[in-house]
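Structural overview
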Amino acid sequence: MRICIVAALVCAALAGPALAQGSKVSSAVELARQAQNLKPGQWVWAPQVAPAGPIIVYVDLDRQLATVYRNGLRIGVSTISSGKAGHETPTGVFTILQKDKDHRSSTYDNASMPYQERLTWDGVALHAGGLPGYPESHGCIHLPYEFSKLLFGITQIGGTVVIAGRHGEPVTAREAGVLAPFGVGGAAEDRAPLSGGEAYRWTPEASPSGPVSIIISKADHRAVVLRNGVEIGRAHAEIEEDAVSTHVATLARGADGKAVWLRVGAPGHEEEAGQPVDPAAFEKIRAPKAFLDEVARVMTVGTTVLVTASPVGSDNSGTRLTVLSAVKGDQVTP
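Bear in mind that the values here come from a model prediction, so they are computed numbers and not experimental data.

1. Topic: the UniProt feature "active site" (unreviewed entry) in the chain
Here the UniProt feature "active site" (unreviewed entry) sits at His127 and Cys140. Mapped onto the elements, His127 comes out in strand S9 (residues 125–128). Here His127 falls in the buried class, since its relative accessible area comes to 5%. Excluding residues that lie within four positions of it along the chain, His127 makes contacts with Met113, Pro114, Tyr115, Gln116, Cys140, Ile141, His142, Leu143 and Ser148. Following the sequence through the fold, Cys140 ends up in the loop between S9 and strand S10 (141–143). Filtering out sequence-adjacent residues up to four positions away, Cys140 remains in contact with Ser81, Ser82, Gly83, Thr89, Met113, Gly123, Val124, Ala125 and His127.

So, in structure tokens, the structure goes:
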């Protein structure tokens, strides 16, 4: 099987009015390129970037942001409001203990806590709530109403939530990036760069099964392969062209039984949904042939590809989100 990849880069971040808490409409996907500039109540949601895989929620108290990862790739960013002075939100690795979309507080005058996801039995939870732009809760993590509803819909009891940082202190939390900084269970992910003599690395035994996502970083000239949220491959990769359009692609099977790459309608680009990738756009990536051959063997229907202008290195990733691309294969075995 032969693989070729064509990159796509998202345009400049959109500048727009803040979305009020309770907003029913997501901002366009480009807005998350500058995730730290989101105004109170603003959020972005692009689940098509990674349609399957384990979910990790990373809450950064310093930046007052929650970042959602699926299969190791960022699919959502939202502003939050955490605990105020005297009611600080605890940090650490938590498990979702309970879910209740119509929860009411037994402590604070029967207050409504829509789409509650309990993290501790003494009252700390994710739920929809007020978003004034600073910590003002009694320890819970407030989210925009519609974002909390969407998050509630993809998480499960037992899921992992990592809370880091301490708002107002000089030492900040590890910044969220395109790749998840934590794995299932909250352990830090090993994102070791290639050594000087390595053209590529391939360790499929690190995650023997599960959905596959491929990310290309134009800034780092790297390709990274994730399976079930775990990195299994990395290689040097060069993108030939400078200016490209925006789209997400996922591997599907056509009516003739052959593999076909289809664009996915990410927020702000819904008109692209279902369009086949233009064959003329292929042959735009240069990477070691042995690496591409290995990638071809793990691709299945449902594999997605994400190309980004942002670095994937752990020391400098995190200020931009999404960029999308396509991959072509002759055949795929489901």
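Now that the structure has been shown, the text picks up again.
2. Brief notes about the pairing of S9
Bridge count between strand S8 (residues 112–118) and S9: two bridges; the pairing is antiparallel. When the bridges of S9 are listed, Glu117 appears paired with Leu126. Between S8 and S9, which follow one another and run antiparallel, lie six residues, and Gly123 among them has a positive phi close to 115 degrees. Here S9 pairs with S10 via three bridges, running parallel. Pairing of His127 across the sheet is with His142, part of S10.

3. What to know about the pattern of salt bridges
Evaluation of the coordinates by the stated rule reveals six salt bridges. Its salt-bridge partner being Arg63, residue Asp60 comes within 2.4 Å of it at the nearest N-O pair. Residue Asp60 is classed as buried on the basis of its relative accessible area of 4%. For Arg63, a relative accessible area of 23% gives the class partly exposed. The network of salt bridges with shared partners includes Arg191, Glu231 and Arg234.

4. A look at the sheet that holds strand S7 (residues 98–104)
An order of S7-S8-S9-S10 is seen for the four strands of this open sheet, with the pairing classed as mixed. A single partner strand is all that each edge strand has here, and the edge strands are S7 and S10. Strand-to-strand twist in this sheet, taken as the mean axis angle between neighbours without regard to direction, amounts to 25 degrees. Each of S7, S8, S9 and S10 touches helix H1 (residues 145–154); the most contacted strand, S8, lies at about 35 degrees to it.

5. Structural notes on the packing of aromatic side chains
On inspection of all chains with the given rule, the structure shows seven aromatic pairs. On the basis of an interplanar angle of 70 degrees and a centroid distance of 5.9 Å, the ring pair of Trp43 and Phe147 is categorised as edge-to-face. Here Trp43, found in strand S2 (residues 43–45), pairs with Phe147, found in helix H1; they are 104 residues apart in sequence, far enough to count as distant. There is no split in this pair, since Trp43 and Phe147 are both buried. On the basis of an interplanar angle of 70 degrees and a centroid distance of 5.5 Å, the ring pair of Tyr115 and Phe152 is categorised as edge-to-face. Within this pair, whereas Tyr115 is found in strand S8, its partner Phe152 is found in helix H1, the two being separated by 37 residues in sequence. On the basis of relative accessible area, Tyr115 is assigned to the buried category, the value being 11%. With relative accessibility at 16%, the residue Phe152 sits in the buried group. Through successive ring pairs, a cluster of aromatic residues spans Trp43, Trp45 and Phe147. One cation-aromatic arrangement involves Lys99 over Phe152; the distance from NZ or CZ to the ring centre is 4.3 Å.

6. What about the environment of Gly186?
If you trace the backbone, Gly186 turns up in the loop between strand S11 (160–164) and strand S12 (200–202). Counting along the chain gives 23 residues from Gly186 to Ile163, while the straight-line C-alpha distance between them is 9.6 Å. The residues contacting Gly186, other than those within four sequence positions of it, are Val93, Thr160 and Val162.

7. Examining helix H2 (residues 289–298)
The α-helix advances 3.6 residues per turn, and as a result positions three or four apart in sequence lie on the same side. Along H2, the residues that are buried comprise Phe291, Leu292, Val295, Ala296 and Val298. Buried residues of H2, seen end-on, are gathered within an arc of 165 degrees and therefore sit on one face of the element. For H2, exposure combined with an orientation more than 90 degrees from the buried face picks out Lys289 and Arg297. Among the structural elements, S12, strand S13 (212–217), strand S14 (222–227) and strand S15 (230–236) are those in contact with the buried residues of H2.

Reading guide: rules and limits
Residues numbered from 1 in each chain as written. Predicted model: local features only at pLDDT ≥ 70, side-chain atom pairs only at ≥ 80, totals over all residues. Heavy atoms only, no water. UniProt positions renumbered as here; feature names shortened; annotations may be inferred. Helix = DSSP H or I, 4+ residues; strand = E, 2+ residues; numbered from the N terminus. Buried < 20%, exposed > 50% of the residue type's maximum accessible area, 1.4 Å probe, protein only. Contact = heavy atoms within 4.5 Å. Pairing = 2+ DSSP bridges. Salt bridge = Lys/Arg side-chain N within 4 Å of Asp/Glu carboxyl O. Axes fitted to C-alpha atoms, helices over the stretch in contact; angles between N-to-C directions. Phe/Tyr/Trp six-rings, centres within 6.5 Å; stacked < 30°, edge-to-face > 60°. Lys NZ or Arg CZ within 6 Å of the ring centre and 35° of its normal. Arc of directions from axis to C-beta.

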